[in-house]
Amino acid sequence: MSSRAQRRPGELAFAVALLALSLWLFAEAYKISGFSGLSTPGIFPMLATGLMVVCSLVILLKALAMTPAGGGLRRFLADITPLRQTVMVVLVGLYILAMPYLGFLAASGLFLFVSIQFLWRRSFWLTALVSLAGLAAIHVVFSLVFQVVLPKGTLLQGLF
């Protein structure tokens, strides 16, 4: 067995993405005021993002020094994207896409019902009751307490 640490699936790609994001953020911080002085508004964002660049470069170099663990795509999918997490990410994406058409309350109610049913796996009626209770609480807090105007959908515009 090798004494060198093994690189986990996706670790190298994550380190490269982290360095790229840090470099982009540093460029954005530089746009604030450049290197024009130590008391300019952009100095702290540049220091913070510069530190991010250095740290992400160290992380990338460490990841490159490790030996790959093996297992390839199958291990990556098992370790990084388990089924429950993948389904919830897809549900959140569908929720975001549905909100302009269904409106906040209908899209949120549907999202709550489907996600609770998927994660909790109880009876239809119990899931519906929990979803309605959660939706009612959200409606009371946002509409009545904070008086936030919740988005209405274009698809069900004439019904409510």
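Residues numbered from 1 in each chain as written. Predicted model: local features only at pLDDT ≥ 70, side-chain atom pairs only at ≥ 80, totals over all residues. Heavy atoms only, no water.

Draft legend 1. Fine view of the overall build of the protein chain. Regarding its fold elements, the protein chain presents six helices and two strands. Taken from N to C terminus, the helices and strands of the protein chain fall in the order β-α-α-β-α-α-α-α. Taken against the 2.2 N^0.38 rule, which gives 15 Å for 160 residues, the C-alpha radius of gyration of the protein chain at 23 Å runs more than 25% over that of a compact globule. Projecting the C-alpha coordinates of the protein chain onto the three principal axes gives extents of approximately 60 × 55 × 25 Å. (Helix = DSSP H or I, 4+ residues; strand = E, 2+ residues; numbered from the N terminus. Rg over C-alpha atoms; globule rule 2.2 N^0.38 Å.)

Draft legend 2. Broad picture of the UniProt feature "transmembrane region" (unreviewed entry) in the protein chain. According to UniProt, the "transmembrane region" (unreviewed entry) feature falls on residues 43-65, 86-119 and 125-150. When the span residues 43-65 is considered, its composition is 100% helix and 0% strand, and the gap between its end C-alpha atoms is 33 Å. The span residues 86-119 shows a helical share of 97% and a strand share of 0%, and its end C-alpha atoms are spaced 12 Å apart. (UniProt positions renumbered as here; feature names shortened; annotations may be inferred.)

Draft legend 3. Molecular detail of the domain arrangement of the protein chain. We note that the domain assignment places domain 1 (1-80) and domain 2 (81-159) within the protein chain. Placing the centre of domain 1 and that of domain 2 at their C-alpha centroids yields a distance of 35 Å. (Domains from an automatic or database assignment.)

Draft legend 4. View of the packing of aromatic side chains. One pass over the structure, following the stated rule, counts three aromatic pairs. Both rings, one in Phe 113 and one in Phe 124, keep their centres 5.2 Å apart while their planes meet at 70°; by these two values the pair is edge-to-face. Linking Phe 113 in helix H5 (residues 104-120) with Phe 124 in helix H6 (residues 124-145), this pair joins segments that are eleven residues apart in sequence. Taken together, the aromatic side chains of Phe 113, Phe 124 and Trp 125 make up a single cluster linked through ring pairs. (Phe/Tyr/Trp six-rings, centres within 6.5 Å; stacked < 30°, edge-to-face > 60°.)

Draft legend 5. Representation of the environment of Thr 154 within the structure. Position of Thr 154 relative to the elements: it lies in the segment after H6. For the pair Thr 154 and Met 99, spaced 55 residues apart in sequence, the C-alpha to C-alpha distance is 9.2 Å. Each residue touching Thr 154, except ones within four places of it in the same chain, is listed here: Pro 100 and Tyr 101. (Contact = heavy atoms within 4.5 Å.)

Draft legend 6. Main features of a nonpolar patch on the surface. Among the surface-exposed residues, Val 140, Val 141, Phe 142, Leu 144, Val 145, Phe 146 and Val 148 lie close enough to one another that they form a single nonpolar patch of about 630 Å² accessible area. Exposure remark for Val 140: the relative accessible area of 38% places this residue in the partly exposed category. (Patch = residues over 30% accessible without salt bridge, like charges linked within 9 Å, V, L, I, M, F, W, Y side chains within 5 Å. Areas by Shrake-Rupley, 256 points an atom, 1.4 Å probe, with all protein chains shown as cover. Salt bridge = Lys/Arg side-chain N within 4 Å of Asp/Glu carboxyl O. Buried < 20%, exposed > 50% of the residue type's maximum accessible area, 1.4 Å probe, protein only.)

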